[in-house]
Structures are given as structure tokens and as C-alpha cells.
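# Inside the fold
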There are 4 protein chains.
Amino acid sequence: KVYGGIFLYLDNRKQMNYTEENRRKTAYFARKRGNMIRVTVWNEYLHEKEEPVRHIYPNGIHGCIKEFLQTDEELVIKTATFEMPEHGLTEEVLKQTDVLIFWSHMRQNEFSDEVAARVCSHVRQGMGLVALHSAHFSKIMKGLLGTSMTLRWKHGESERVFCTAPYHPIAEGIPERFDIPKEEMYGEYFDIPKPDDVIFTGWFSCGEVFRSGCTFHSGYGKIFYFQPGHEEYPVYYIPEVQKIIKNAVHWCKPSVRKTSQLDCAEVKEVTLP
Amino acid sequence: KVYGGIFLYLDNRKQMNYTEENRRKTAYFARKRGNMIRVTVWNEYLHEKEEPVRHIYPNGIHGCIKEFLQTDEELVIKTATFEMPEHGLTEEVLKQTDVLIFWSHMRQNEFSDEVAARVCSHVRQGMGLVALHSAHFSKIMKGLLGTSMTLRWKHGESERVFCTAPYHPIAEGIPERFDIPKEEMYGEYFDIPKPDDVIFTGWFSCGEVFRSGCTFHSGYGKIFYFQPGHEEYPVYYIPEVQKIIKNAVHWCKPSVRKTSQLDCAEVKEVTLP
Amino acid sequence: KVYGGIFLYLDNRKQMNYTEENRRKTAYFARKRGNMIRVTVWNEYLHEKEEPVRHIYPNGIHGCIKEFLQTDEELVIKTATFEMPEHGLTEEVLKQTDVLIFWSHMRQNEFSDEVAARVCSHVRQGMGLVALHSAHFSKIMKGLLGTSMTLRWKHGESERVFCTAPYHPIAEGIPERFDIPKEEMYGEYFDIPKPDDVIFTGWFSCGEVFRSGCTFHSGYGKIFYFQPGHEEYPVYYIPEVQKIIKNAVHWCKPSVRKTSQLDCAEVKEVTLP
Amino acid sequence: KVYGGIFLYLDNRKQMNYTEENRRKTAYFARKRGNMIRVTVWNEYLHEKEEPVRHIYPNGIHGCIKEFLQTDEELVIKTATFEMPEHGLTEEVLKQTDVLIFWSHMRQNEFSDEVAARVCSHVRQGMGLVALHSAHFSKIMKGLLGTSMTLRWKHGESERVFCTAPYHPIAEGIPERFDIPKEEMYGEYFDIPKPDDVIFTGWFSCGEVFRSGCTFHSGYGKIFYFQPGHEEYPVYYIPEVQKIIKNAVHWCKPSVRKTSQLDCAEVKEVTLP
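Residues numbered from 1 in each chain as written. Chains lettered and ligands numbered in written order. Predicted model: local features only at pLDDT ≥ 70, side-chain atom pairs only at ≥ 80, totals over all residues. Heavy atoms only, no water.

A word on the overall build of chain A. Within chain A one finds eight helices and 10 strands. A sequence separation of at least 24 residues applies to 74% of the contacts in chain A between residues at least 6 apart. (Helix = DSSP H or I, 4+ residues; strand = E, 2+ residues; numbered from the N terminus. Contact = heavy atoms within 4.5 Å.)

In the superposition of chain A on chain B (RMSD 0.0 Å, axial shift 0.0 Å), the rotation amounts to 180°. Taken together, the turn and the small shift mark the pair as related by a two-fold rotation axis. Identified as the residue of chain A closest to the rotation axis by C-alpha distance is Gly 146 of chain A, at 2.4 Å. A share of 100% of interface residues in chain A that are also interface residues in chain B marks the association as one of identical surfaces. (Least-squares fit on C-alpha atoms with pLDDT ≥ 70 in both.)

The transformation that overlays chain D on chain C combines an axial shift of 0.0 Å with a rotation of 180°, and the residual RMSD is 0.0 Å. Interface overlap between copies: 100% of the residues of chain D at the interface are likewise at the interface in chain C, consistent with a symmetric, same-surface contact.

Contacts between the two partners involve 38 residues from chain A and, on the opposite side, 39 residues from chain B. When chain A packs against chain B, the two sides together hide about 2900 Å² of surface, and 60% of this comes from carbon and sulfur. Looking only at chain A, the three residues that lose the most surface to chain B are Trp 153, Cys 264 and Val 267 of chain A, adding up to 19% of its buried area. Where chain A packs against chain B, one counts two salt bridges. Lys 194 of chain A serves as the salt-bridge partner of Asp 196 of chain B, at 3.7 Å between the closest nitrogen and oxygen. On inspection of chain A and its partner chain B, the count reaches 16 residue pairs in polar contact (both at pLDDT 80 or more). Counting residues per element, the ones that place at least two in the side of chain A that touches chain B are α7 (139–145), β5 (152–163), β8 (208–218) and β10 (265–266) of chain A. Of the residues assigned to the side of chain A that touches chain B, the class counts are 18 nonpolar, 11 polar and nine charged. Direction of pairing for β5 of chain A relative to strand β10 (residues 265–266) of chain B: parallel, over a ladder of two bridges. Paired with Arg 152 of chain A across the bridge in β10 of chain B is Ala 265 of chain B. (Buried area = accessible area lost by both parts, 1.4 Å probe. Salt bridge = Lys/Arg side-chain N within 4 Å of Asp/Glu carboxyl O. Polar contact = N/O pair within 3.5 Å; in protein donor to acceptor, adjacent residues only side chain to side chain. Nonpolar A, V, L, I, M, F, W, Y, C, P; charged D, E, K, R; others polar. Pairing = 2+ DSSP bridges.)

Here the focus is the side chain of Asp 179 of chain C. Residues and elements named next belong to chain C. Here Asp 179 is to be found in strand β6 (residues 177–187). Take Asp 179: its relative accessible area is 17%, and that puts it in the buried class. One polar contact links Asp 179 to Arg 160, side chain to side chain, over a distance of 2.8 Å. (Buried < 20%, exposed > 50% of the residue type's maximum accessible area, 1.4 Å probe, protein only.)

Contact with chain D, which involves 39 residues of that partner, is made by 39 residues of chain C. Taken together, both faces of the contact between chain D and chain C bury some 2900 Å²; the carbon and sulfur share is 59%. In terms of surface lost to chain C, no three residues of chain D exceed Trp 153, Cys 264 and Val 267 of chain D, which account for 19% of the buried area on that side. Viewed at the interface, chain C and chain D are joined by 15 residue pairs in polar contact (both at pLDDT 80 or more). Where the side of chain D that touches chain C is concerned, the elements lending two or more residues are α7 (139–145), β5 (152–163), β8 (208–218) and β10 (265–266) of chain D.

In this section: unusual backbone geometry. Cis geometry is adopted by the peptide bond preceding Tyr 189 of chain A, which originates at Glu 188 of chain A and carries an omega value of 10°. Take Tyr 189 of chain A: it is sitting in the loop between β6 (177–187) and β7 (197–204). Of note in the backbone geometry, Glu 86 of chain D takes a positive phi value of approximately 55° without being a glycine. Among the secondary structure elements, Glu 86 of chain D is positioned in the loop between β2 (75–81) and α5 (91–95). Overall, Glu 86 of chain D belongs to the partly exposed group, its relative accessible area being 41%.

Right, let's get into the environment of Val 198 of chain D. Residues and elements named next belong to chain D. Of note, Val 198 is situated in strand β7 (residues 197–204). Looking at Val 198, the relative accessible area reads 23%, which means it is partly exposed. Each residue touching Val 198, except ones within four places of it in the same chain, is listed here: Thr 164, Ala 165, Arg 211, Gly 213 and Cys 214.

Within helix α4 (residues 60–69) of chain B, eight of the 10 residues are buried, leaving the element largely enclosed by the surrounding structure. Those residues of α4 of chain B lying buried are Gly 60, Ile 61, His 62, Gly 63, Cys 64, Ile 65, Phe 68 and Leu 69 of chain B.

Residues and elements named next belong to chain B. Among the seven residues in strand β1 (residues 37–43), six count as buried, and that is most of the element. Note that β1 and strand β2 (residues 75–81) share seven bridges and pair parallel. Each bridged residue has a counterpart across the sheet, and for Ile 37 the counterpart in β2 is Leu 75. The sheet contact formed by β1 and strand β3 (residues 99–103) spans five bridges and is parallel.

Bringing the pairing of β8 of chain A into the picture now. The side chains of a regular strand alternate, residue by residue, between the two faces of the sheet. Residue and element names in this part refer to chain A. Among the 11 residues in β8, 11 count as buried, and that is most of the element. In this sheet, β8 lies alongside β7 in antiparallel orientation, the contact comprising six bridges. Bridge pairing in β8 links Gly 202 to Phe 210. The antiparallel hairpin formed by β7 and β8 contains three residues in its connecting segment, where Gly 207 sits at a positive phi of about 85°. Relative to strand β9 (residues 221–226), β8 runs antiparallel, the two being bridged by six bridges. When the sheet's bridge partners are listed, Cys 214 is paired in β9 with Tyr 225. Connecting the antiparallel pair β8 and β9 is a turn made up of two residues, with Gly 219 showing a positive phi of about 60°.

Inspection of every chain in the model, using the stated rule, returns 60 salt bridges over all chains. One salt bridge connects Glu 188 of chain B with Arg 211 of chain B, and the closest N-O pair in it is separated by 2.9 Å. With Glu 188 of chain B in the loop between β6 (177–187) and β7 (197–204) and Arg 211 of chain B in strand β8 (residues 208–218), this residue pair connects regions lying 23 residues apart in the sequence. The two residues Glu 188 of chain B and Arg 211 of chain B agree in class, both being buried. Of the charged contacts in the structure, one is a salt bridge between Asp 197 of chain B and Lys 194 of chain C, with a shortest N-O distance of 3.4 Å.

Our next topic: the side chain of His 62 of chain D. By the element assignment, His 62 of chain D lies in helix α4 (residues 60–69). His 62 of chain D sits in the buried class, given a relative accessible area of 9%.

Here we come to the confidence of the model for chain A. Residue and element names in this part refer to chain A. Averaged over all residues, the pLDDT of chain A equals 90, while 88% of them reach at least 70. Here residues 1–19 scores under 50 on pLDDT; set against residues more than four positions off or in separate chains, the count is 29 contacts. Interface predicted TM-score (ipTM) for the complex: 0.89; the corresponding pTM is 0.92. (pLDDT = per-residue confidence, 0-100.)

For the rest of this paragraph, the subject is the packing of aromatic side chains. Residue and element names in this part refer to chain A. Inspection of the entire model under this criterion finds 50 aromatic pairs over all chains. The ring of Tyr 45 carries the charged tip of Lys 49 above its face, separated from the ring centre by 4.6 Å. In this structure, Lys 142 packs its charged tip against the face of Phe 137, placed 3.6 Å from the ring centre. (Phe/Tyr/Trp six-rings, centres within 6.5 Å; stacked < 30°, edge-to-face > 60°. Lys NZ or Arg CZ within 6 Å of the ring centre and 35° of its normal.)

On to the environment of His 47 of chain B, then. Residue and element names in this part refer to chain B. In this structure, His 47 sits in the loop between β1 and α3 (53–56). Of the residues examined, His 47 reaches a relative accessible area of 15% and is grouped as buried. Counting along the chain gives 59 residues from His 47 to Met 106, while the straight-line C-alpha distance between them is 8.3 Å. Contacts of His 47, omitting those with residues within four sequence positions, involve Val 53, Arg 54, Trp 103, His 105, Met 106 and Glu 231. Among the polar contacts made by the side chain of His 47, one reaches the side chain of His 105 at a distance of 2.8 Å.

The subject of this paragraph is the state of the cysteines. Within this structure, the stated rule accounts for zero disulfides over all chains. As a non-bridged cysteine, Cys 252 of chain A has Cys 214 of chain A as the owner of its nearest cysteine sulfur, 13 Å distant. Judged by relative accessible area, Cys 252 of chain A falls into the buried class, the value being 0%. Of the cysteine sulfurs around Cys 214 of chain B, a residue in no disulfide, the closest is that of Cys 163 of chain B, at 12 Å. (Disulfide = S-S within 2.5 Å.)

Residue and element names in this part refer to chain A. By secondary structure assignment, the location of Ser 134 is in the loop between β4 (128–132) and α7. Separated by 32 residues in the primary sequence, Ser 134 and Phe 102 place their C-alpha atoms 9.6 Å from one another. Discounting chain neighbours no more than four positions away, the residues touching Ser 134 are Trp 103, Ser 104, His 105, Gln 108 and Tyr 186.

The following block contains the structure:
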């Protein structure tokens with residue numbers, strides 16, 4: 001593996017108990033009964049085509065995420081990227097996606113309005129969404145949350161992530177705090193609606209704080225936003241980060257999935273209880 | 001006054017204590033020191049041009065709202081309607097508006113995208129918004145809240161409005177419950193984000209419930225959505241409804257008002273405390 | 001079965017799909033790997049010793065709840081009642097309880113302060129709590145939520161329950177609305193803290209509304225309060241009510257369980273990330 | 001003034017615009033019409049009797065708070081301390097208090113259970129509460145919020161306070177961030193219920209974060225908890241801290257005040273709307 005110092009740091013850490021064993025058994029039956037969670041990992045996939053980012057994520061951020069998700073046998077994982085037709089997010093793909101993981105940055109303005117609207121529609125109908133790092137400023141997140149999604153930023157700081165909702169399923173198995181040796185600082189005021197839960201709060205060495213892990217919902221769909229993951233640092237190799245994304249996929253899966261655009265409905269007949 | 005039976009109902013009710021006296025005195029000084037709340041009442045103003053709605057609101061819904069707001073001397077009130085150039089909501093008008101009251105229905109799809117974006121921008125920068133009745137489905141509310149804003153509806157039911165957050169300033173002076181003899185039913189599931197507060201909950205005679213009065217925020221702006229107010233019934237003459245809208249105007253006024261579009265900002269220099 | 005008309009009503013309804021099949025398979029492995037959810041159903045068990053309540057719940061409300069929970073093979077279910085020593089809620093029992101279901105009414109004032117404090121402590125350390133109907137006014141719920149828990153009430157009304165958070169796991173498989181033919185009305189203003197989620201809202205025939213299904217948390221523990229279940233009506237035989245309680249048990253299970261009383265901790269050594 | 005370095009720091013800062021002028025005018029009429037806000041500042045008043053704390057707060061923390069509140073002419077301010085009979089919080093005093101400011105630390109366990117219950121009762125009936133610093137662990141706050149109120153702590157760190165809800169009235173006039181040169185660190189996980197609003201979030205030099213300014217409600221009463229204010233540092237002389245406490249007093253004042261203990265009420269007669 002690459003990126004010496006930081007990976008040494010990772011190697012030296014006490015391994016978390018992933019409860020992988022339990023999930024493997026559950027997954028065996030999920031496969032049998034056909035109710036696996038279908039995940040699509042979407043990545044812009046531009047930064048990783050050149051050094052130094054290529055060195056960190058030789059198969060792209062989506063490749064890295066897919067790899068660590070695959071140890072969870074309850075998941076069926078596909079990937080899609082910006083350069084595919086319709087960004088790889090056709091009606092057909094979204095219909096077959098339970099949870100969409102989304103990383104974007106450089107070309108958010110060029111992202112198709114039509115595809116963004118389609119993704120928003122599917123979230124409102126129940127599809128789960130895990131939006132990572134700079135995806136806060138994607139057309140999808142702005143469309144779903146309505147606020148400006150603005151924040152303050154600075155490269156190359158260290159972050160300490162605190163769990164501020166340890167009772168939440170996304171926090172399961174995560175320690176009370178963990179460190180990210182190098183990360184892009186995102187700082188308050190983060191212009192988001194009041195989150196359903198603020199599960200993680202970040203402390204940054206440059207004197208800033210951030211609501212780093214937040215849940216929302218839009219329509220029937222559950223949304224988790226998670227700040228860590230700047231492309232220049234190997235953040236998605238950190239065990240706690242991987243565990244949080246896995247937990248989020250399980251939490252985000254639809255409780256109900258509508259099959260058509262939501263619309264206002266007239267009540268014509270009335271029966272009282 | 002018009003619309004017999006229902007107004008008789010109104011006449012027979014015990015008058016609420018509006019604490020008008022107090023506000024009058026405060027207002028005297030607000031005027032002197034130049035910090036009045038500047039309100040723009042916006043109305044589509046189409047239904048009221050024909051019977052039977054003209055009979056109920058001869059000066060339009062905006063005229064009725066302006067009239068009862070005028071007893072609050074802390075407010076400076078203007079009106080604007082759909083048919084004015086740029087719907088009467090130019091950059092200049094919005095800059096000089098602290099709180100926008102907004103009623104719309106028939107022509108929501110024809111409302112200018114550009115003006116809708118401009119209004120959303122001003123709300124995110126701090127302008128208060130009171131959205132009434134069918135305005136839930138306006139481009140403005142959909143843009144600010146991000147959900148589908150869908151609901152169920154039926155004409156001609158009676159509603160009982162319960163106060164479910166009596167500690168909130170918008171509920172000040174409002175009884176624990178009050179009745180609206182005839183209203184358009186709006187019923188759940190109302191597809192909104194989790195409200196900051198659900199101040200009023202409606203019971204409808206046809207066996208439905210609704211979160212009838214909800215607060216949200218978007219960026220620096222405060223939003224109050226209030227369901228009562230179908231054009232065919234004289235709902236805006238009901239004292240409690242008037243009092244709630246007045247309270248909402250006071251609550252919605254900006255705590256801070258940004259003067260330019262919000263944007264992400266790079267932190268360049270760091271001083272630690 | 002008993003109570004004619006109402007059960008006929010139940011018999012005539014379309015059966016819900018409980019996804020029992022899926023849970024059975026998961027449970028098989030849960031048992032094998034030793035991570036079943038350990039449920040204690042606590043009931044005051046006084047009303048059911050005399051007619052007419054005995055006729056409805058011949059084995060007590062706890063017996064009825066235990067019976068329908070048993071179809072979920074992931075659960076290991078015990079019961080306890082008021083008359084047992086320490087109300088059957090010893091330190092040992094609570095330590096081995098993942099989720100406590102709690103029904104109480106007549107003798108809430110006589111409930112031991114010590115046992116109530118012990119239960120609150122375990123909830124704060126992570127034990128899940130499903131509080132049913134009149135248990136809103138138990139020492140446990142008052143202690144955990146801090147408000148007066150007061151409400152308005154009236155016997156013998158019909159209720160229509162609306163799902164106002166369909167994205168929530170507790171709502172999984174529950175229709176948008178369902179009816180309870182006869183229930184004790186509980187009405188607003190219900191003096192609770194702002195719930196984490198209001199999953200169900202009740203409409204009552206006597207012109208009242210209620211936040212009938214609410215989630216909270218206290219410390220590390222998750223709490224679900226559910227209004228339906230007056231002892232004089234066979235409410236716990238209604239399929240949707242049973243399904244909601246089952247879902248709640250799964251949702252309430254601890255994400256983390258502390259093994260000692262929570263306390264403030266001094267930070268002595270500092271390492272920055 | 002005392003405490004050199006830190007006060008120099010204060011002297012060197014740009015003065016905030018307190019909008020004192022406006023409040024003075026409003027106050028003139030509030031006095032005339034008899035609707036001043038009646039504030040009771042309660043302080044344990046033990047630490048300040050000996051050095052070095054006496055040097056910082058020669059008239060006690062309550063004396064300091066009273067002094068800066070007095071520039072707000074809408075307020076009528078009294079003080080009370082631990083050593084007074086019934087801690088100075090008799091039924092009579094509380095009845096005449098709109099907002100109680102509360103600082104406590106050393107003798108929280110010795111605080112009378114009866115008086116604590118009385119205060120909680122008045123908050124639930126509508127009295128506002130501003131709980132400062134170590135008062136998080138008072139019988140009053142534990143009783144009102146129900147959680148363990150535990151946290152992590154360490155002396156002598158610097159804090160940067162961020163405004164994470166700039167739209168809230170308590171944040172009015174407060175900059176996006178401000179520094180406290182020396183403060184007792186309070187760190188997460190802070191075991192509180194989900195706050196109605198997290199208005200301020202603290203960054204600490206020792207690598208910790210904290211939800212430093214939170215609102216809650218209990219019954220009809222509004223509560224603001226504010227972390228800054230360890231007795232050994234002159235925190236209550238900082239202009240932003242003073243402004244926040246003033247804003248909180250205005251925000252906390254009752255919207256409604258019940259005059260008797262809250263209780264469940266039977267509905268006997270039904271009229272439908």
C-alpha cells in the first residue's frame with residue numbers, strides 16, 4: 001500500500017470489531033431470499049486520472065469504496081462515473097438502486113440538470129443517498145435540501161471526528177472519537193437545514209468545527225452526508241470511515257419505495273372510522 | 001360584512017386580546033428610530049376577479065391581509081401581484097422587504113423561474129417568508145425545502161386547529177384550539193422536511209389530520225408555512241388566523257441579512273484562539 | 001376469539017405482509033450466533049384480573065404482546081408484572097434486557113421510586129424502551145423526558161392513525177393510515193419534549209388530534225412511545241398495532257450498551273490529532 | 001479592572017453594536033405599561049468568597065451578570081443565592097420571575113430537592129430558564145431534561161465559539177465566531193436530549209468540541225443552556241457572552257404562563273367544529 005506515514009498510522013491502530021461475521025451470515029440468507037441491498041457507487045472520476053491522486057486511488061475513489069463494501073455480503077455493488085452516457089445514472093440504473101453513494105467535485109456545474117432532477121426524484125420516492133465530501137455542493141444535494149450548502153474550507157488540516165449521536169445505527173461500532181491525520185477542513189457556518197441527526201462533529205487543527213456527519217430525509221428517501229474524503233488524502237482507507245459508510249448504506253435503505261413521481265391527490269370519497 | 005352564516009359565527013365569538021395596545025406603543029418608537037418591519041404581501045390575485053370569490057375578498061386576499069396587518073403600527077406594508085412586471089418582485093422590492101407573505105395557486109407553473117430563484121436567494125440571505133395555503137406547491141417553497149410538497153386535499157370540510165407548540169412566539173395569544181367552519185382539507189402524508197417546529201396541527205371533519213402550521217429555515221431566513229386560507233371561504237377574516245399571521249411576521253423578521261449571494265469561502269490565514 | 005363486532009372488523013381486513021418469512025430466516029442465525037434481541041414485556045396486570053378486561057386479555061396484556069412477538073424468531077421474550085418482587089425488574093433482569101416494553105396505569109404512583117430510577121438508568125446506558133398508552137404518565141417516562149407528560153383524554157372514541165414519517169423503520173410495512181374502531185382518546189396539548197420523530201398522528205372522532213407514535217432518546221437509549229392500547233378495547237389484536245410494536249423492538253435495540261452509571265469524566269492527558 | 005492579559009485582550013477588541021439604543025426606547029414604554037421582563041439571577045455564590053475568584057467577581061457572578069443586564073432597561077433584575085432561606089427561590093419569588101438565570105457548581109447535591117422540584121414546575125408552567133456552565137449538572141437541569149447531562153472536562157483551555165444557527169434570535173448581533181482566551185473545556189459526548197436548536201458550537205485548543213449553546217423546552221417553558229463561564233476566568237466580562245445572555249433573556253420570556261401545576265384533563269363534553 002501507498003502513502004507511507006499515514007498508512008503506518010493506520011497499521012498501528014487497534015482494529016475495530018466490524019461484526020463482519022454477523023453480517024456475513026445474514027447476507028447468506030439475504031442472497032437466498034433475494035433481498036440484498038443494491039448499491040450504486042457514483043464517482044466523478046477525474047482527479048484520480050492524474051498524479052498524485054492516482055497513486056492514492058489507482059482504481060478511483062469508487063473502486064476503493066466498492067472494494068471495502070464488498071466485504072459486506074448483504075450488498076450488491078455497481079459503479080458509475082461522470083463520463084458514462086447520462087453519467088451512468090439512467091432511469092433503469094436508478095430503479096435498480098436501493099442506495100446511491102455519490103462523490104463529486106470539479107464538474108458539478110457541468111452535471112446534467114436532467115440527470116440531477118432524475119436522481120432527486122428517486123430519492124424523494126425512497127432511494128437512499130450517501131453524499132460524500134464535496135458532493136455537498138452538487139446539484140443533487142442543493143436540489144434535495146434547498147439551502148445554499150455553503151461552508152468554509154482549507155486544505156491540509158488534521159481532523160478529530162466526535163460521535164455526537166452514539167445511539168444512532170450509523171454510529172454502531174464507531175469509537176467516541178477518531179482522527180484523520182490529513183483532511184480538507186470544512187468549517188461552519190455550514191448552510192444546511194436543521195439535520196434530523198448530527199451524528200459526527202469534526203474538530204480541525206486550524207481552529208474550526210463542522211457538522212461532519214448529518215442525516216436528512218426528502219420525501220420517502222433517507223440521506224446521509226459525510227464530510228471526510230478529500231481526494232488528495234487516503235481517507236477512504238481509514239477503518240472507521242469505511243465502517244461509517246457501510247452503516248450508512250444499511251440505514252439508508254428504503255423503508256418504502258414509490259414507483260412513480262409523487263403528486264398531490266384529491267380525496268373523493270370519505271369513510272369515517 | 002359579507003357571507004352571513006360564517007360571519008355570524010365570527011361575530012358571536014369572544015374577542016381575543018390582541019395586545020394591540022402594547023404593539024402600538026412599541027411601533028411609535030420603531031417609526032421614530034427607523035426600524036419598522038417592512039412587509040410585502042404578494043398575491044396571485046386571479047380568483048378574486050370573479051364571483052363568488054370577489055364577494056369574499058373584494059380587494060383581493062392581499063388587500064384583506066394588508067388591512068388587518070395595518071393595525072400593527074410596527075409594520076410598513078406593501079402589496080404585489082402576479083400580473084405586475086416581474087410579478088412585482090424585483091431585486092429592488094426584495095431588498096427592501098423584511099418579510100414576504102406569499103399566496104399563490106392557479107398559475108404556479110407559469111410563475112417566472114428567474115423571479116422564483118431571486119426570492120429563494122433573498123430568503124437564504126435572511127428575508128422572512130410566510131407561505132400561505134396552496135403556496136406550499138409554489139416554485140419558491142419547493143425550491144427552498146427540496147421535497148415534493150405533495151399532500152391530499154378535499155373542499156368544504158371543517159377544521160379544528162390545535163396548538164402543538166404553545167411555547168412558540170407564533171402561538172402567543174392563540175387559544176389551545178380554534179375552529180374554521182369551512183376550509184379546504186389538506187391531509188397527510190404532507191411531504192415536507194422535518195419542521196423546526198410544528199406549531200399547529202389540523203383536525204378535519206372528513207377524517208384527516210395535517211401539520212397546519214410549520215416553521216423551517218433556509219440559510220439565514222426563517223419560513224412559516226400556514227395551511228388555512230382557501231380562497232372560497234372567508235378564512236382570513238378569522239381573528240385567530242389574523243393574529244397568527246401577525247405573530248409570524250414578527251417572528252420571521254431577519255436576525256441577520258446578508259447583502260450578497262452566499263458562497264463557499266476559502267480560509268487563507270489561521271489564527272488560533 | 002372474543003368481542004364480536006370489532007374482531008369481525010379485524011377478520012374482514014386484508015392481511016398485511018409481515019415479511020415474517022424474512023425475519024424467520026434471519027432469526028435462525030441470530031439464535032445460532034447468540035445475538036437474539038432479549039425483550040422483557042412488563043405489565044401492571046391489574047385490570048385484566050376482572051371482567052370485562054379479563055375477557056379481552058385472558059392472559060394479561062403482557063401475555064397478548066408476548067404471543068404476537070413470538071412469531072418473530074429473532075426475539076427472546078420474558079414477562080414481568082407489578083406484583084413480583086421489585087416489580088420483576090431487578091438489576092439482573094434489566095442487565096439481560098435489550099428492549100423493555102412497558103404498560104402501566106392504575107398504580108403508577110405506587111411504583112417503587114428505586115425501581116423506576118433503576119429502569120431510567122438502564123435506558124440511559126442504552127436499553128431500548130417501548131412505552132405503551134397510559135405509561136406516558138409512569139415515573140419512568142416522566143423521569144426520562146422531564147416534562148409533565150399531561151394530555152386530555154376521553155373513553156370510547158374511534159381513532160384513525162396516520163403515518164407522518166413513512167421513511168422511518170418503525171413505519172415499515174404500515175399503511176398510510178389505519179383505523180382503531182374503539183380507543184381511549186388522548187388529545188393535545190401533549191406535554192412532551194420535541195420528539196426525534198413523530199411517526200404516527202391520531203385523528204379522533206370527538207374532534208381531537210394526538211402525536212400517537214413518537215421517538216425520543218435519553219443518553220444511549222432509544223425510546224418509542226405509542227398511544228394505542230386502552231385495556232377495555234382489544235387494540236393489541238390489531239395487525240398494524242402488532243407490526244408497529246415489532247418494528248419498534250427492532251429499532252430500539254441498543255447500538256451501544258454502557259455497563260456502568262454514566263458520569264462526567266476529567267480529561268487528563270491531551271494528544272492532538 | 002483585574003486579570004491583566006485577558007482584559008487587555010478584551011480592551012483591544014472592536015466593540016459590538018449592542019442595539020442598546022433601540023432597547024432603551026422600547027424599555028421606556030415597557031416600564032410605563034408595566035410589561036417589563038422580570039429576571040432573577042441565581043448564583044451559588046461560594047467560589048467568589050475566596051481568592052482568586054473573589055478578585056475576578058468581587059460582587060459574585062450574580063453581581064456581574066446583574067450589572068451588565070442593567071443596561072437593558074426592559075429588564076427588572078433581582079438576585080438570589082444558595083445561602084438564603086429556600087435558596088431564595090420561594091414560591092413567591094418564582095411567581096414573580098419571568099426568566100431565571102442559574103449558575104451552580106460545588107453544592108449541587110446539597111441543593112434542596114423541594115426547591116429544585118418547585119423551579120422545574122415553574123419552568124414547565126412557562127418560566128424561562130437560562131442555565132449557565134456547570135449548572136448543566138444541577139438537579140434542575142437533570143430534572144427538566146431527563147438525561148444524565150454528563151460530559152468531559154478539563155481546565156484552562158482556550159475556546160472558539162461558532163454560531164451554528166445564525167437565524168436564531170439568540171444569535172442576533174453575535175459574530176460568526178468569537179474567542180474565549182481561557183475557559184474550562186467541556187467536551188462531547190454531552191448527554192442531552194436532541195436540542196431544539198444548537199446555536200453555538202465550541203472548539204477547544206485541547207482537541208475537543210462541544211454543543212456550547214443549546215435551546216430546549218419543557219412544558220410551556222423555554223430553556224437556554226450556555227457552556228461558557230467557569231468561575232476562575234473572567235468570562236462574563238466578554239461582550240459577546242453578555243450579549244448572548246441578554247438575547248437569551250428576551251427569547252426565554254414566557255409566551256404563556258400557567259398558574260397551576262399541569263395535569264391531565266378529562267374531556268367531558270364534545271362539540272364538533
